[in-house]
Amino acid sequence: MIKNIPNILTLCRMVVVPIFIGSCYLPLPISIWVTFSLFLFAAISDFFDGWIARRLSVVSKFGRIFDPIADKLIVATALIMLIVFQGIEVIPVVAILCRELLVSGLREGISNGKNLVVSRSGKWKTATQMMAILILLIAPAFPDIFEGLQLTGEIFLWIAALLSWLSAIIYIHTFLQNPQCVKGSTKE
């Protein structure tokens, strides 16, 4: 049973996506707290499913395939809903989503389904992206400091977009220099 925990967490993140979308349409302030809580759960479960899988040496084919998909689904959904409901900047969102498509294509197309080795910039990208989304989701709950939180969240989003492309360039460069680099973790 323990060896299935990472896959269960991955599946939970995928199930959260339609619930997250629906919760955006709840009345305020309920929608703020529900969307924030759901995304926080997704961010925490993303960390723990990988950590548990590596710690217990239970990395599975299912996890290698669906973990990155679950991550991209919840992040893309949150970013799109933030554009719709809060009018956040579109450019960093498009930059992040395009990078995700590029790296996914690289992973599946060039690497024949193997996984790219994780770079520190990829880990920083993920952390910054999660922080940006969490700040932007919770900002409307604090009207007195909403503008400051919104600005902080958008700054983190721009940084995440820059880190996204930095990590993509590192992946492409690494692959071109050493095509055997496609092994190891699914996290990017």
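What you see is a predicted model, and the numbers here were worked out from it, not measured in a lab. Within each chain, residue numbers correspond to sequence positions counted from 1 in written order. Totals for whole chains, interfaces and linings use all residues, but because this is a predicted model, local features are given only for residues with pLDDT of at least 70 and pairs of side-chain atoms are given and counted only at 80 or more. Side-chain metrics in this entry use all non-hydrogen atoms of the structure; hydrogen atoms and water are not considered.

Chemist: Sorry if this is basic, but what is going on with the overall build of the chain here?
Modeler: A count of helices and strands for the chain gives six helices and zero strands. A run of H or I in DSSP counts as a helix once it spans at least four residues, and a run of E counts as a strand once it spans at least two, with each numbered from the N terminus. Shown N-terminal to C-terminal, the secondary structure of the chain runs as helices and strands in the order α-α-α-α-α-α. Within the chain, contacts between residues separated by at least 24 positions form 79% of all contacts whose residues are at least 6 apart in sequence. Put simply, the chain shows about 9900 Å² of open surface, and 73% of that area lies on carbon and sulfur atoms. Any two residues whose heavy atoms approach within 4.5 Å are treated as being in contact. Only the protein chains shown count as cover for residues, with accessible areas throughout obtained via the Shrake-Rupley method and a probe of 1.4 Å.

Chemist: Would you mind showing me how to read the packing of helix 3 (residues 61-86) against helix 5 (residues 120-138) here?
Modeler: How two helices pack is summed up by the angle between their axes together with the distance between the axes. Contact pair helix 3 / helix 5: the axes reach a minimum separation of 11 Å and the direction vectors enclose 35°. Helix 3 and helix 5 meet at a crossing whose hand is left-handed. Residues Val-75, Ala-78, Leu-79, Leu-82 and Gln-86 of helix 3 lie in contact with helix 5, whose contacting residues are Gln-129, Met-130, Ile-133, Leu-136 and Leu-137. We call Asp, Glu, Lys and Arg charged. Ala, Val, Leu, Ile, Met, Phe, Trp, Tyr, Cys and Pro are nonpolar, and the rest, Gly among them, are polar. Its residues assigned to classes, the contact of helix 3 with helix 5 comprises eight nonpolar, two polar and no charged. Under this scheme, a helix contributes an axis fitted over its contacting stretch, all axes are lines through C-alpha atoms, and angles between N-to-C directions fall in the 0 to 180 degree range. Should the near helix be turned counterclockwise from the far one by less than a right angle, the crossing is left-handed, whereas a clockwise turn marks it as right-handed.

Chemist: Please clarify how the pattern of salt bridges should be interpreted in this entry.
Modeler: Opposite charge on two side chains permits them to pair, given that their charged atoms come into close proximity. We define a salt bridge as a contact between a side-chain nitrogen of Lys or Arg and a carboxyl oxygen of Asp or Glu at a distance within 4 Å. A full pass over the atoms with the stated rule returns seven salt bridges. Notably, a salt bridge pairs Asp-46 with Arg-13, separated by 3.9 Å at the nearest N-O pair. You can see Asp-46 sitting in helix 2 (residues 30-55) and its partner Arg-13 sitting in helix 1 (residues 5-23), a full 33 residues away along the chain. A salt bridge links Asp-49 to Arg-13; its shortest N-O distance comes to 2.9 Å. In this pair, Asp-49 sits in helix 2 while Arg-13 sits in helix 1, placing the two residues 36 residues apart along the sequence. Of the two residues, Asp-49 and Arg-13, neither departs from the other in class, the shared state being buried. Exposed residues in this analysis have more than 50% of their type's maximum accessible area, buried residues have under 20%, and partly exposed residues fall in between, with area computed by a 1.4 Å probe over protein chains only.

Chemist: Hey, could you run me through the nonpolar core in this one?
Modeler: Nonpolar side chains in soluble globular proteins generally cluster together in the buried interior. Counting 29 residues, the largest nonpolar core has Phe-20, Phe-39, Ile-74, Ile-133 and Leu-157 as its most contacted members. Put simply, the parts of the chain that give this core at least two residues each are helix 1, helix 2, helix 3, helix 4 (90-110), helix 5 and helix 6 (146-177). Setting aside residues no more than four positions away along its own chain, Ile-133 makes contact with Phe-39, Val-75, Ala-78, Leu-79 and Leu-82. Only buried Ala, Val, Leu, Ile, Met, Phe, Trp, Tyr and Cys residues count toward a nonpolar core, and they belong to the same one when joined by side-chain atoms within 4.5 Å.

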